[in-house]
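Structure assessment
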Amino acid sequence: MFFRGKALCGVTRVSLLTAVSLLQANAGGDSTPRLTPAAAGPYQVDGNRILDARGRAYLVRGTELPTLTLKDSDIAGDGKEFGAFSPSSLISIRQRLNMNAVRLPVNPLEYQEDSAYRARLLEVVESANAFELLVILAVDPDGPLSPQTLAQFWTRCAGDFKHHPNVFFAVAPAPGMRADSGWSLWQSAMQALVEAVRSGGAQQPVLLAGLQPDGFDGVTPSLQVHDRNVIYEATPRYATTRTDADRWRQFGSLSTRAPVLVNDMDPQLDRNSAECAAFPGDPGAATRLVQENLAYFDAHQVSWVLSSYRPGKMLTEYRYFNWSKLDDGWTCGESPSRGGIAMMLVAHLWSGDPHGLFAVNHVNGGLVLARGGLATAYGPILAEREVTAPSGRPLPLVLGNVSVRVTDSKGIARLARLQYTGAGWSDISFVVPASAALGPAEVAVVRSDGSKSAARVIIADVSPGFFTASFDARGAVSGEVMQRDVGGGQSKSFAASECVAGHCRAVPIPLSDRVTTTVRLAASGLRNGGSHAKVRVTVGKIAVPVMSFGPADDVGRDQVTIQLPVELRGAGETDLTMTVNGALSNVARIHCGAL
Amino acid sequence: VRKAARIAWLAAVAWGAPPAYQLAVPKGFPKPRIPLDNPLTADKVRLGRYLFYDKRLSVNGTTSCATCHRQELAFTDGRAQALGATGQTHPRSSMCLVNVAYAGAFNWSNPAVHSLEEQALKPMFGTDPVELGVVRQDLLRLIRSDPVYRVLFPRAFAGEANPYRIVNVTKALASFERTILSGASPYDRFHIGGDADAIPDASRRGEILFFLDYGGPACFRCHGGFNFSDTVDYVAKPHRTAEFHNTGLYNVTGALSYPMPNLGLYEHTKNPADVGKFKAPTLRNIALTAPYMHDGSIATLGEAVDHYAAGGRTIAHGPWAGVGRDNPAKDSLVHGFPMTAQNRADLVAFLESLTDDGVVHDPRFADPWPSVRK
């Protein structure tokens with residue numbers, strides 16, 4: 001266990017180098033897993049590339065959020081589900097989808113008229129940025145707007161966000177002007193919108209939507225908008241985008257001389273739409289079409305923001321973030337639909353097989369596993385029965401008829417200690433070998449019949465996360481609360497969360513200036529951060545004192561003990577986050593009450 | 001017996017042990033349990049194959065083992081209920097003989113038969129119903145007099161003073177049946193062989209459903225393991241397990257919820273909780289073994305999937321009307337599950353990927369008599 005003092009706040013060189021190496025751009029096209037690069041503006045366009053603050057090529061890999069609203073539940077949740085803009089949702093986009101951007105539509109009229117709406121936008125943007133996500137501000141496509149109103153909105157919005165380097169502006173309502181408008185009109189309209197942004201003082205990249213339905217087919221260099229920092233945004237349709245020739249015509253050709261971002265490409269299975277009708281009806285054919293698109297984007301260095309992060313599109317609900325897939329089939333217009341392309345995007349960004357094994361950090365659900373930390377593999381475990389390792393003995397290397405083999409970046413294979421295996425298509429929990437080398441690795445479930453299923457991961461020194469009461473890395477945090485009278489009198493302890501009939505909740509922690517409150521939080525993935533690790537824990541927006549951190553046992557469990565300051569009194573159930581040497585944890589919930 | 005054993009020992013010493021049969025155990029399969037008193041030899045397997053296909057074993061020369069166990073149908077007969085040599089209908093469907101070497105039970109619901117040798121006596125000599133209707137003396141006369149058998153029996157049971165015995169008939173039949181192994185289906189090539197293209201996308205989706213627990217179909221709970229059956233036996237297994245399940249196929253009115261005479265395990269235990277419990281057969285080559293269930297009352301794989309998705313079969317009219325889902329003895333593993341048309345097709349595609357074309361075309365398992373008659 002490492003006790004933290006004032007002098008122990010540095011970032012270790014090794015950890016920093018590791019972090020940098022993990023953040024290289026994902027060019028795709030091979031089976032090596034990579035984190036998509038975290039948002040690191042300010043950005044500059046250079047030829048057909050977008051360069052971040054360090055001059056590294058940056059590809060946008062994101063999805064669209066719902067149009068921003070003022071509903072409290074969209075951030076705080078409604079008690080059953082997390083909100084669309086909640087930290088739990090945003091961290092899931094970053095960690096579980098391995099994306100690095102969100103597109104956020106804004107209602108321009110509301111923005112102009114309502115300061116609360118503007119404050120909400122600022123809050124969501126800063127929250128997303130804190131979770132390493134670039135935010136592409138866009139206009140709500142459903143709101144009819146005059147060019148003048150639009151320009152005024154962008155001038156104001158750009159002014160408000162000119163100091164946010166991880167914000168882009170998608171100035172034209174998607175999917176773009178109709179093709180019969182013509183390129184000259186398009187050029188003048190886009191030029192006006194770019195100038196509106198620039199007049200607000202913002203220098204970040206501006207996205208310009210092409211014409212519908214042909215994208216940038218026919219655009220010439222002379223018709224491009226005159227600005228150093230523009231990105232061309234295509235919104236291809238499945239009906240007209242089936243082959244590489246289609247892709248080349250609509251945006252591929254342009255991508256050789258300017259940065260291009262593909263937007264949307266949701267098959268709209270929840271609607272009786274032309275897109276759904278054009279989408280291949282066979283899940284296998286549909287999968288191949290989406291995979292061909294993704295491969296093309298990688299090969300041509302095309303950025304993308306695909307589908308939409310909401311039920312019926314990327315996921316089925318905001319509580320468990322079950323990704324949409326095509327496997328169950330669909331009927332166009334049938335709602336609620338479970339059909340969608342999320343599982344394919346996950347597989348692509350994880351260099352995985354949508355029908356294969358995925359290995360994830362047990363506590364934060366991400367692609368990065370910590371040495372000595374807990375991990376879980378999901379998918380074809382195919383154990384014949386569930387088995388939990390017996391307690392009181394060293395964890396076994398074989399459980400049921402399966403073992404887990406971790407082959408590190410040096411090619412050294414080690415069997416992992418196993419905690420639990422489910423049967424069939426299920427999950428298996430294991431401890432990442434502490435001596436595994438850093439970098440890309442393979443996790444393979446190996447069975448007694450000689451078969452195996454493998455997933456690719458990244459191994460790092462730290463990849464922290466909190467245990468939660470529901471064991472799904474979300475919701476009420478697992479921990480022990482200790483309260484002591486300030487005068488050194490009575491003390492009491494209780495659990496920070498409880499579960500009744502399968503429903504877990506954060507237990508209110510009554511804060512007062514008469515008691516000192518510490519919480520020992522159950523965690524994993526931080527034991528190798530070093531005694532000088534920089535551990536930062538925030539409750540709501542308040543950074544709280546970290547009293548100690550380190551291993552809690554020898555099988556992957558760690559602990560972080562924090563003190564809850566009295567200023568959190570009455571804050572209610574709020575978000576709990578942590579970074580260790582800059583690495584993000586999951587977002588859990590803790591309840592700060594009042595005496 | 002002592003004398004016979006001594007003769008056998010002397011023969012083995014004098015001429016060497018009979019050549020053992022090299023059983024081609026599929027990759028990923030365990031070693032099958034072979035009875036100590038009936039080791040596999042090439043000569044016994046060969047003899048067993050001739051016996052298996054010999055219609056003269058039946059009372060009227062019309063039927064052989066192969067009549068109800070046809071190679072092209074993965075050693076089943078395509079009928080809902082088997083037909084005996086005398087035309088009598090068997091109450092149950094012919095069981096698949098593929099991988100029978102691994103069977104933990106040899107009948108649909110009888111836990112008391114412990115070996116293939118023992119089991120072979122039932123179709124030969126059983127009278128209720130008559131299957132082959134073998135007359136003991138006729139059979140002995142045949143194997144003593146037939147020129148083929150006069151060569152094969154002494155070789156298969158070298159050293160025995162009298163190899164022409166019923167017990168040797170069953171040993172030879174059992175030996176042949178143990179060699180009918182199947183583990184080279186497209187799914188095996190995908191799962192064991194690592195050939196990602198061995199099965200279509202639909203089968204891969206179906207595989208997930210098949211193995212999906214926690215509210216999913218969880219078919220593997222009864223049809224799991226290397227042989228897709230929970231009633232298996234092999235060398236390293238600590239003890240033989242014979243599982244029987246009531247799948248909610250019926251729920252007829254009356255004291256016993258299944259139609260007579262197919263009462264399942266109850267027929268042997270007389271425990272009402274065992275009504276309707278039958279063995280979960282291997283799903284290997286299942287696409288070839290329609291119709292399905294112990295009585296062949298389900299015609300297609302799709303309908304079988306429907307049955308399990310519904311958590312039991314509902315029969316609206318007739319003497320067997322009833323809601324099988326509510327059968328009091330139904331196994332809780334048959335819980336039903338939500339299923340789309342796509343899921344159904346994918347599950348069927350997965351089951352079809354378990355078909356091993358090799359075993360149904362393997363000349364080692366084919367009728368040997370045509371070549372003799374030439």
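Residues numbered from 1 in each chain as written. Chains lettered and ligands numbered in written order. Predicted model: local features only at pLDDT ≥ 70, side-chain atom pairs only at ≥ 80, totals over all residues. Heavy atoms only, no water.

With that out of the way, let us pick up the overall build of chain B. The helix and strand tally for chain B stands at 14 helices and 4 strands. Relative to a compact globule of 374 residues, whose C-alpha radius of gyration would be 21 Å, chain B shows 22 Å and is just as compact. Its C-alpha atoms give chain B principal-axis dimensions of about 65 × 50 × 45 Å. The contacts of chain B with a sequence gap of at least 6 include a subset with a gap of at least 24, amounting to 66%. Looking at chain B as shown, the accessible area adds up to about 16300 Å², and 57% of this sits on carbon and sulfur atoms. Within chain B, one finds 40 positive and 35 negative side-chain charges whose respective centroids are separated by 9 Å. (Helix = DSSP H or I, 4+ residues; strand = E, 2+ residues; numbered from the N terminus. Rg over C-alpha atoms; globule rule 2.2 N^0.38 Å. Contact = heavy atoms within 4.5 Å. Areas by Shrake-Rupley, 256 points an atom, 1.4 Å probe, with all protein chains shown as cover. Lys, Arg positive; Asp, Glu negative; His and termini not counted. Charge placed at Lys NZ, Arg CZ, Asp CG, Glu CD.)

In terms of helices and strands, chain A carries 11 helices and 35 strands. At 24 Å, chain A has a C-alpha radius of gyration in line with the 25 Å of a compact globule built from 595 residues. Dimensions of chain A, computed from C-alpha atoms along their principal axes, come out at roughly 75 × 60 × 45 Å. For chain A, with 595 residues in total, the buried portion stands at 59%. For chain A, the exposed area adds up to about 22300 Å²; of that, 52% sits on carbon and sulfur atoms. Distance between charge centres in chain A, computed from 55 positive and 55 negative side chains, equals 7 Å. (Buried < 20%, exposed > 50% of the residue type's maximum accessible area, 1.4 Å probe, protein only.)

In this section: the packing of aromatic side chains. Residues and elements named next belong to chain B. With the rule as written, the count across this model stands at 44 aromatic pairs over all chains. Taken together through their ring pairs, the aromatic side chains of Tyr 187, Phe 190, Phe 210, Phe 211, Phe 220, Phe 228 and Phe 350 make up a single cluster. Across from the ring centre of Trp 369, 5.1 Å away, lies the NZ or CZ of Arg 56, which sits over that ring. In this structure, Arg 313 packs its charged tip against the face of Tyr 250, placed 4.7 Å from the ring centre. (Phe/Tyr/Trp six-rings, centres within 6.5 Å; stacked < 30°, edge-to-face > 60°. Lys NZ or Arg CZ within 6 Å of the ring centre and 35° of its normal.)

Counting 101 residues, the largest nonpolar core has A:Leu137, A:Trp154 and A:Phe169 as the members making the most contacts within it. Discounting residues that sit within four places of it in the chain, A:Trp154 has contacts with A:Leu137, A:Ala138, A:Val139, A:Phe169, A:Ala170, A:Val171, A:Leu193, A:Ala196 and A:Val197. Within the second largest apolar cluster, 46 residues are counted, among which are B:Leu116, B:Ala120, B:Val359 and B:Trp369. (Core = buried A, V, L, I, M, F, W, Y, C linked by side-chain atoms within 4.5 Å.)

Moving on, we come to the packing of helix α5 (residues 136–145) of chain B against helix α6 (residues 147–156) of chain B. Residue and element names in this part refer to chain B. Remark: α5 packs on α6, axes separated minimally by 5 Å, with the N-to-C direction vectors making an angle of 85°. Judged on the interaxial angle alone, α6 and α5 are roughly perpendicular. Contacts between α5 and α6 involve Leu 142, Ile 143, Arg 144 and Ser 145 from the first element and Pro 147, Tyr 149, Arg 150 and Phe 153 from the second. (Axes fitted to C-alpha atoms, helices over the stretch in contact; angles between N-to-C directions. Parallel < 35°, antiparallel > 145°, perpendicular 65-115°, else oblique.)

We now examine the environment of A:Gly83. One can find A:Gly83 in the loop between α2 (73–76) and α3 (87–96). Sequence-distant contacts of A:Gly83, defined by excluding residues within four places in its chain, comprise A:Ser73, A:Asp74, A:Ile75, A:Gly77 and A:Ser89.

Mean pLDDT for chain B: 93, with 95% of residues reaching 70 or above. Taken over the whole predicted complex, pTM reads 0.90, whereas the ipTM for its chain interfaces reads 0.88. (pLDDT = per-residue confidence, 0-100.)

Take the side chain of B:Arg313 next. Residue and element names in this part refer to chain B. The topology assignment puts Arg 313 in the loop between α11 (301–309) and β3 (314–315). For the buried Arg 313, which has no salt bridge, the nearest side chain bearing the opposite charge is Asp 295, at an N-O separation of 4.9 Å. A polar atom in the side chain of Arg 313 sits 3.2 Å from the side chain of Tyr 250. Excluding residues within four positions of it along the chain, Arg 313 makes contact with Gly 248, Leu 249, Tyr 250, Ser 297, Ile 298, His 307, Gly 322, Val 323, Gly 324 and Arg 325. (Salt bridge = Lys/Arg side-chain N within 4 Å of Asp/Glu carboxyl O. Polar contact = N/O pair within 3.5 Å; in protein donor to acceptor, adjacent residues only side chain to side chain.)

This brings us to the sheet that holds strand β15 (residues 387–388) of chain A. One open sheet holds the 5 strands; their spatial order is β12-β14-β19-β18-β15 (chain A), and the pairing between them is antiparallel. On the outer flanks of this sheet lie β12 (358–361) and β15 of chain A, each paired with one strand and no other. (Pairing = 2+ DSSP bridges.)

Let us now look at the interface of chain A and chain B. Counting residues at the interface gives 23 residues for chain A and 20 residues for chain B. For the pair chain A and chain B, the summed buried area comes to about 1800 Å², and 52% of that belongs to carbon and sulfur atoms. Its largest share of buried area at the contact with chain B, chain A owes to A:His355, A:Trp425 and A:Asp449, together 33% of the area lost on that side. One can count 4 salt bridges joining chain A with chain B. Our count for the chain A to chain B interface comes out at 9 residue pairs in polar contact (both at pLDDT 80 or more). If you list the elements that add at least two residues to the side of chain A that touches chain B, you get α10 (283–299), β14 (374–383) and β19 (424–431) of chain A. By residue class, the composition of the side of chain A that touches chain B is 6 nonpolar, 8 polar and 9 charged. (Buried area = accessible area lost by both parts, 1.4 Å probe. Nonpolar A, V, L, I, M, F, W, Y, C, P; charged D, E, K, R; others polar.)

Adjacent strands of a sheet form backbone hydrogen bonds with each other and so pair up, either parallel or antiparallel. All names here are of chain A. On the basis of which strands lie adjacent, the closed barrel formed by 8 strands has the order β4-β5-β6-β7-β8-β9-β10-β11 and parallel pairing. Within this sheet the neighbouring strands show an average axis-to-axis angle of 25°, counted without direction. Bridging between strand β10 (residues 260–264) and strand β11 (residues 303–308) involves 4 bridges; their strand directions are parallel. Of the residues in β11, the one forming a bridge with Asn 263 is Val 305. Set on the sheet, helix α5 (residues 115–130) makes contact with β5 (101–106), β6 (134–139) and β7 (167–170); between it and β6 the angle comes to about 150°. Together, β5, β6 and β7 form the strand contacts of helix α6 (residues 147–160), whose direction differs from that of β6 by roughly 155°.

Before going further, it helps to spend a moment on the state of the cysteines. Residue and element names in this part refer to chain A. Applying the stated criterion across every chain yields a total of 2 disulfides over all chains. Residue Cys 276 pairs covalently with Cys 332 via a disulfide, S to S 1.9 Å. When the S-S torsion is -85°, as for the bridge of Cys 276 with Cys 332, the disulfide is left-handed. Within this pair, whereas Cys 276 is found in helix α9 (residues 274–278), its partner Cys 332 is found in the loop between β11 and α11 (342–349), the two being separated by 56 residues in sequence. A relative accessible area of 23% means that Cys 332 is categorised as partly exposed. Residue Cys 499 pairs covalently with Cys 504 via a disulfide, S to S 2.0 Å. Taking the torsion about the S-S bond as the criterion, the Cys 499 to Cys 504 disulfide, at about 100°, is right-handed. On the basis of relative accessibility, which here comes to 21%, the residue Cys 504 falls in the partly exposed class. Within chain A, bonded cysteines paired by disulfides and numbered along the sequence follow the pattern 1-2, 3-4. (Disulfide = S-S within 2.5 Å.)

So, on to the pattern of salt bridges. For the structure shown, the criterion picks out 45 salt bridges over all chains. Among the ionic pairs, A:Asp472 bridges to A:Arg319, the shortest N-O distance being 3.1 Å. Taken together, the residues span a long stretch of sequence, with A:Asp472 in the loop between β22 (465–466) and β23 (479–485) and A:Arg319 in the loop between β11 and α11 at a distance of 153 residues. When sorted by exposure, A:Asp472 lands in the same class as A:Arg319, which is buried. With a shortest N-O distance of 2.3 Å, B:Asp213 and B:Arg221 are connected by a salt bridge. On the basis of relative accessible area, B:Arg221 is assigned to the partly exposed category, the value being 24%. Through salt bridges with shared partners, a single network forms among A:Glu64, A:Arg103 and A:Glu233.

All names here are of chain A. For helix α7 (residues 183–199), which comprises 17 residues, the first-to-last C-alpha distance of 24 Å matches the rise-based estimate of 24 Å (1.5 Å per residue) to within 8%. Taken together, the buried positions of α7 are occupied by Trp 183, Trp 186, Gln 187, Met 190, Gln 191, Leu 193, Val 194, Ala 196, Val 197 and Arg 198. Note on α7: the residue one or two positions beyond its end, Gly 201, has a positive phi of about 100°. (Expected span 1.5 Å × (residues − 1).)

All names here are of chain A. Turning to its location among the elements, Phe 430 is positioned in strand β19. By relative accessible area, Phe 430 is classed as buried at 0%. Measuring from C-alpha to C-alpha, the distance between Phe 430 and Leu 133 comes to 30 Å, with 297 residues separating the pair along the chain.

All names here are of chain A. On the surface, a cluster of nonpolar side chains totalling about 230 Å² of accessible area is made up of Leu 397, Val 398 and Leu 415. Following the sequence through the fold, Leu 415 ends up in strand β17 (residues 413–415). When its relative accessible area of 41% is taken as the criterion, Leu 415 is described as partly exposed. (Patch = residues over 30% accessible without salt bridge, like charges linked within 9 Å, V, L, I, M, F, W, Y side chains within 5 Å.)

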